[in-house]
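# Summary of structural features
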Amino acid sequence: MEAHECTGVDSVSNRSFSLTSAVVETEPVILGSSYVAAVYEHKVILNPEPHVPLSRPAALQHLQRNLEIYEEQTARAAQQGAQILVFPEDGLQGFNFSRSSISGYLETIPDPQQESWNPCTEPGKYNNTEVLKRLSCMARRYNLYLVANMADLQPCPLKSDPSSSCPADGRWQFNTNVVFRSDGLLVARYHKYNLYFEEAFDTPPQPEVITFDTPFAGRFGLITCFDILFHKPTVTLVEKGVRQLIFPTAWMNQLPLLDTIQFQRAFSLGANVTLLAANIRNDRLIMTGSGIFTPFSATYHHAQRGDPEEGRLLVARVPVLDPLWVEQSEATESTSSKVTDSGFCHKESCVDSPPPDTAPSVPPSSSTFISSMMYDPFTFVLLNETEGEVKVCNGTFCCYLQYRQLPQGSSRELYALGAFAGTHTVNGRYAVQVCAVVRCAGSDVTSCGQEVEEAETKMDFLLEGRFGTKYVYQSVLASKLVLEQPEHLETAADGRVSMKHSNMSGGLVTACLYGRMYHLDNE
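## Some words on the state of the cysteines
Going through the model one piece at a time under the given rule, you end up with five disulfides. Through a disulfide, Cys393 is tied to Cys398; the S-S separation comes to 2.0 Å. Residues Cys393 and Cys398 share a disulfide whose torsion about the S-S bond is about 105°; that sign makes it right-handed. The partner cysteine of Cys399 in its disulfide is Cys435, sulfur to sulfur 2.1 Å. The disulfide joining Cys399 to Cys435 has a torsion of about -85° about its S-S bond and is therefore left-handed. Of the two residues, Cys399 is situated in strand 17 (residues 397-406) and Cys435 in strand 19 (residues 430-439); the sequence distance between them amounts to 36 residues.

## What to know about the pairing of strand 14 (residues 368-373)
Every second residue of strand 14 is oriented toward a common face, the buried set being Phe369, Ser371 and Met373 and the non-buried set Thr368, Ile370 and Ser372. In terms of strand pairing, strand 14 meets strand 15 (residues 376-382) through six bridges, oriented antiparallel. Looking at the pairing, Ile370 lines up with Thr379 of strand 15. Between strand 14 and the antiparallel strand that follows it, strand 15, lie two residues; Met374 among them carries a positive phi value of about 55°.

## Some thoughts on the sheet that holds strand 18 (residues 415-424)
Read from one edge to the other, the open sheet built from seven strands follows the order 14-15-18-19-25-21-22, with strand pairing classed as antiparallel. The sheet is open, and its two edges are formed by strand 14 and strand 22 (482-484), each paired on a single side. The average undirected angle you get between the axes of adjacent strands in this sheet is 25°. Pairing of strand 18 with strand 19, which is carried by ten bridges, proceeds in the antiparallel orientation. Counted as the bridge partner of Leu417 is Val437 from strand 19. Across the sheet, helix 4 (residues 260-271) is in contact with strand 21 (472-478), strand 22 and strand 25 (508-516); its angle to strand 21 comes to roughly 140°.

## Details of the pairing of strand 17
Along a regular strand, successive side chains alternate from one face of the sheet to the other. Two strands pair when backbone bridges link them, and strand 16 (residues 387-394) and strand 17 are joined in this way by eight bridges, in the antiparallel orientation. Of the residues in strand 17, the one forming a bridge with Glu389 is Gln402. Hairpin connection of strand 16 to strand 17: two residues between the antiparallel strands, including Gly395 at a positive phi of 65°.

## Focus on the environment of Phe174
Along the chain, Phe174 falls in strand 5 (residues 171-180). The sequence separation of Phe174 and Tyr190 amounts to 16 residues, and the corresponding C-alpha distance is 9.0 Å. Sequence-distant contacts of Phe174, that is, excluding residues within four places in its chain, are made with Met150, Ala151, Asp152, Gln154, Leu158, His191, Phe201, Asp202, Thr203 and Pro204.

## Focus on the side chain of Gln264
With respect to the secondary-structure elements, Gln264 resides in helix 4. A polar contact of 3.5 Å, which involves the side chain of Gln264, links it to the backbone oxygen of Gly289.

## Overview of the confidence of the model for the chain
For the chain, mean pLDDT is 90; residues scoring 70 or higher make up 88% of the total. Below pLDDT 50 for its whole length, residues 1-5 participates in 38 contacts with residues either more than four positions away or in separate chains. Note on residues 333-357: pLDDT is under 50 here. Beyond four places in sequence and across chains, it has 62 contacts.

## Here's the deal with the pattern of salt bridges
All told, the structure shown has 23 salt bridges when counted by the stated rule. Asp202 is paired through a salt bridge with Arg99; the nearest N and O atoms lie 2.9 Å apart. Here Asp202 is found in the loop between strand 6 (186-191) and strand 7 (211-214), whereas its partner Arg99 is found in the loop between strand 3 (84-86) and helix 2 (130-142), with 103 residues between them in sequence. Overall, the relative accessible area of 18% leaves Arg99 in the buried class.

## Quick word on helix 3 (residues 231-239)
Taken as a whole, helix 3 has its buried residues at Pro233, Thr234, Val235, Leu237 and Val238. Buried-residue contacts for helix 3 involve strand 6, strand 7, strand 8 (218-222), strand 9 (244-248), helix 4 and strand 21. Looking at the residues trailing helix 3, positive phi occurs at Gly241, about 95°.

Rules behind the numbers
- Per chain, residue numbering runs from 1 following the sequence as it is written.
- Two thresholds apply to this predicted model, a pLDDT of at least 70 for residue-level local features and 80 or more for giving and counting side-chain atom pairs, whereas whole-chain, interface and lining totals are computed over all residues.
- By convention in this description, side-chain values take in all heavy atoms of the structure and omit both hydrogens and water.
- Throughout, disulfides are identified as pairs of cysteine sulfur atoms within 2.5 Å of each other.
- Numbered from the N terminus, helices here are DSSP runs of H or I no shorter than four residues, and strands are runs of E no shorter than two.
- Burial status follows relative accessibility: with a 1.4 Å probe on protein chains alone, a residue under 20% of its type maximum counts as buried, one over 50% as exposed, and anything between as partly exposed.
- Strand pairing is assigned whenever DSSP identifies at least 2 bridges connecting the two strands.
- For helices, the fitted line uses only the C-alpha atoms of the stretch in contact; every axis is such a line through C-alpha atoms, and the angle between N-to-C directions lies from 0 to 180 degrees.
- By definition in these notes, contact holds between two residues if any of their heavy atoms fall within 4.5 Å.
- Polar contact is defined as a pair of N or O atoms within 3.5 Å, subject to the rule that within protein one atom must be able to donate a hydrogen and the other to accept it, and that residues adjacent in sequence are counted only when both atoms are side-chain atoms.
- A residue's pLDDT is the confidence the predictor assigns to it, expressed on a 0 to 100 scale.
- The rule for a salt bridge is simple: a side-chain nitrogen of Lys or Arg has to be within 4 Å of a carboxyl oxygen of Asp or Glu.

Below is the structure:
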């Protein structure tokens, strides 16, 4: 993708944690109902002149350089027992092509819902499918499910949608995820629906809701990058009961609220799903941050300033969350545990300790100020005391915070509580309600809402808001982009969402309740 929000080596610094205590009632997991997932953050080898069209042989030569790395990493993932491996968005061709300059990179990907094709064992069936064949043979050779993202060319009109109007040049070009079974069979194809300034690609005429089934973990759903912020197809999948999502991305980090791992973690918690997220590594475009997230664990990588610019393979064993698959295994193993329902966590499934006291009727603080955060005018109030409670409102939407700051050393850092309810309009249009505690970049109030990566002050807090949506994504980001698992999350029937946290491992950068008002997006 273009510059944007959406914008390897064995690691000592891969971070992971799993959860034992109170966050989410840890779902009983039946013995053996887990699988090994892998994601690869790829330092894509770019075409230095993406606007200049290449012949097919020249484009293939470029593609093969990235495919060589994919091959090496697939071998490494297989050695570590991976059963499914995810590569990032734009990982084979790179980005910033025009509609015509990408033509040498395009392959026509058949629809696996209409026909069965194994490119590795039936290579002669279609011309110009070298990338599909190579990926299929990788999946087959290393005996794992493989997910990659590539550029698809489809003739017009579409077989699947004959009535749709054609692009002016008479062909469809899609940003596409492909999935190969462990024997090389092409089992899924998903065309990205929410494009992010991608001149080379078309938005499909209808959003596609694409899933595929595996013998080791049941059903997975497919989304790409910017899709994660929208209802279609992401929430559509979750509401259909899909609890395991595959997420190739090329995401430009945007602090303080939409750093990759911060939002990946928040989405996994808020939607109560597993997310297998593979990002590009490109320092110039601030792209890094990949992970394997479940509602109760996270294994992730986020490069720091000054780290060598290189790929990173992450491998982790995670519980199966597909409810149907778990029921079937239960029948055969006669165990009686039950996975909770899909969907955004409701009170019963999220809490296992008594609710915190309701936000007392603290009057909104009088000394509020407006400052821009992520290009939106947030209403802020400073946290002036070592401990206390504050409330801030943006229109009728209010956020409440009870806090105790634990400064480390002599530095006095400035923190503020911000609220915003409205439509975000820069680089994409979507309606939000957000409560966020942020470390301000400097000692002046105008610095509140600016990007900050480090902090020394730890904080114990209860952050709460009353949201007009059930889709609220929670995150705690500590110094140097370390994720913390919130100690206690709660969602009440009246829209109240609270997040309680203490015993931080590092200084607080951002604590956020990010509500998405999908129903207002088109107003």
